[in-house]
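# Observations on the three-dimensional arrangement
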Amino acid sequence: MSEKRKANIMIISPHPDDAEFGAAGSVARWVKEGKKVVYLICTGGEKGTSDLSVNPEDLTLLRRKEQQDAANILGVSEVIFLGYEDQGLEDTPEFRKEIVRYIRLFRPETLITADPYRRYIWHRDHRITGQVVLDAAFPYARDHLSYPDLLREGLLPHKVKEMLFWGSEHPNYYSDITDTFEQKLAALKCHHSQVGGRQFRSIARLLRERSETAAANETFNLAEAFYRAEFKW
Ligand SMILES: [Zn+2]
C-alpha cells in the first residue's frame, strides 16, 4: 500500500461539476491548510447536454478535462474517474466495493458526497452515490471480512471519522468559504459545458446568495452547508 497516496479528505462526486457546486470553497480552504484532498468522479457525465449535436464520447472527454482543470485550481492531489454510465448508477455490490477499495487505499478521515436523503427532485445518481458511499464507509470499509479479496490485495480495513453531505435539506455544519469563494467560482467556471456562456453570471450570483444565507448564523460571511455525520467508533 502506497503511503504517498494517503489523503485526509476524499470527495466522491456523482458527475463532474457536483463537487465544485457542493464543496469547492471548502476544498480550496482545506488544501491551503495543508490537507490532502482526492476526488473520485463516479460517472462520465456524458448525458449532461441539451445540444442535440454533441456525442456522448466527446462529452465524456471534455468533461474529464473540465473536471481536471477545476481540480487543479483547487489544489486537489488526484482525480480518479470511475467511468460509470451517467444516469446509470445502481446500488450494487460492485460499485460499493469500488468505493471501499478507494477508502481503504487513501484512508481518509473525512468523506464528502451528495446527501442521499434529499427528497423528491434530486438526481438519481446523486441519491445512489450518497447511499453507496455511506454504506461503503460503514460497515464495509471497516470490516476485514467484507470483500476478503481486497484484504488479500493488502487493502486493510479503515475507519472513517466523519462524513459531510452536500445538498442536505437539514444542514448542521457550515464551512467557512469567505476567502475561497472566488476560487470556487473559478473552478466552477472550468465546467464550460455545464455553466458556460451567459448563464455563469446568474449562477455565480445565486451561489453567493446561497453562501451568505448558509453563513447567516456564523461569524464569517460565506459558507457551504453540509449535513455532518460523525462515526462514534
Ligand atoms: Zn450531478
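None of the values given here were measured: they were computed from a predicted structure. (Residues numbered from 1 in each chain as written. Predicted model: local features only at pLDDT ≥ 70, side-chain atom pairs only at ≥ 80, totals over all residues. Heavy atoms only, no water.)

Check the secondary structure of the protein chain and you find eight helices and seven strands. Computed over the C-alpha atoms, the radius of gyration of the protein chain is 17 Å, within 12% of the 17 Å expected from 2.2 N^0.38 for a compact globule of 233 residues. Overall size of the protein chain, expressed as C-alpha extent along the three principal axes, is 50 × 50 × 35 Å. Split into buried and exposed, the 233 residues of the protein chain put 48% on the buried side. In the protein chain, the proportion of contacts linking residues at least 24 apart, taken out of those at least 6 apart, comes to 80%. Split by element, the accessible area of the protein chain, about 11,500 Å² in all, is 51% carbon and sulfur. Computed over 33 positive and 35 negative side-chain charges, the inter-centroid distance for the protein chain is 3 Å. (Helix = DSSP H or I, 4+ residues; strand = E, 2+ residues; numbered from the N terminus. Rg over C-alpha atoms; globule rule 2.2 N^0.38 Å. Buried < 20%, exposed > 50% of the residue type's maximum accessible area, 1.4 Å probe, protein only. Contact = heavy atoms within 4.5 Å. Areas by Shrake-Rupley, 256 points an atom, 1.4 Å probe, with all protein chains shown as cover. Lys, Arg positive; Asp, Glu negative; His and termini not counted. Charge placed at Lys NZ, Arg CZ, Asp CG, Glu CD.)

What follows covers the coordination of the zinc ion. Protein coordination of the zinc ion is provided by H15 (ND1), D18 (OD), D18 (OD) and H126 (NE2), with donor distances spanning 2.0 to 2.3 Å. One way to put it: the four donor atoms around the zinc ion meet at angles of 57 to 136°, and that makes the site irregular. Within one chain, the residues donating to the zinc ion are spaced in sequence as H-x2-D-x107-H. An identical accessibility class is assigned to H15 and D18; each is buried. (Donors = N, O, S within 2.8 Å, 3.2 Å for Na, K, Ca; no water. Tetrahedral: all angles 85-135°; square planar, octahedral: opposite > 155°, others 65-115°.)

This part is about the packing of aromatic side chains. Applying the stated rule across the entire model yields five aromatic pairs. When the ring of F231 is compared with that of W233, the centres are 4.9 Å apart and the planes differ by 10°; the resulting orientation is stacked. The class for F231 is buried, based on a relative accessible area of 17%. Accessibility expressed as a relative area gives 39% for W233, which makes it partly exposed. Aromatic rings pair up to connect F138, F231 and W233 into one cluster. Across the ring face of Y140, the terminal group of R96 is positioned such that the distance to the ring centre comes to 4.5 Å. (Phe/Tyr/Trp six-rings, centres within 6.5 Å; stacked < 30°, edge-to-face > 60°. Lys NZ or Arg CZ within 6 Å of the ring centre and 35° of its normal.)

Each strand in a sheet pairs with another by means of backbone hydrogen bonds, the pair being arranged parallel or else antiparallel. As summarised here, the arrangement of the seven strands in space is β3-β2-β1-β4-β5-β7-β6, forming an open sheet in which the pairing is mixed. Sheet topology places β3 (78–84) and β6 (173–176) at the edges, where each strand pairs with a single neighbour. Going from strand to strand, the sheet's axes swing by 25° on average, the running direction of each strand aside. Inspection of the sheet shows strand β4 (residues 110–114) paired to strand β5 (residues 162–166) by five bridges, in the parallel sense. Bridge assignment links T113 to a residue of β5, and that residue is F165. Most of the contacts of helix α4 (residues 124–140) go to β4, to which it runs at about 155°, and overall it touches β1 (9–13), β2 (37–43), β4 and β5. (Pairing = 2+ DSSP bridges. Axes fitted to C-alpha atoms, helices over the stretch in contact; angles between N-to-C directions.)

Looking now at helix α3 (residues 93–106). Over its 14 residues, α3 extends 20 Å from the first C-alpha to the last, a length consistent with the 20 Å expected when each residue adds 1.5 Å. Listed in full, the buried residues belonging to α3 are F95, R96, I99, V100, Y102, I103, R104, L105 and F106. Buried residues along α3 sit in contact with β1, β2, β3, β4, α4 and α5 (148–152). (Expected span 1.5 Å × (residues − 1).)

Further remarks concern unusual backbone geometry. Going from F138 to P139, the amide bond is cis rather than trans, its omega being 10°. When you line up the elements, P139 lands in helix α4. Positive phi values are uncommon outside glycine, yet R107 reaches one of about 55°. Mapped onto the elements, R107 comes out in the loop between α3 and β4. Residue classification places R107 among the buried positions, given a relative accessible area of 17%.

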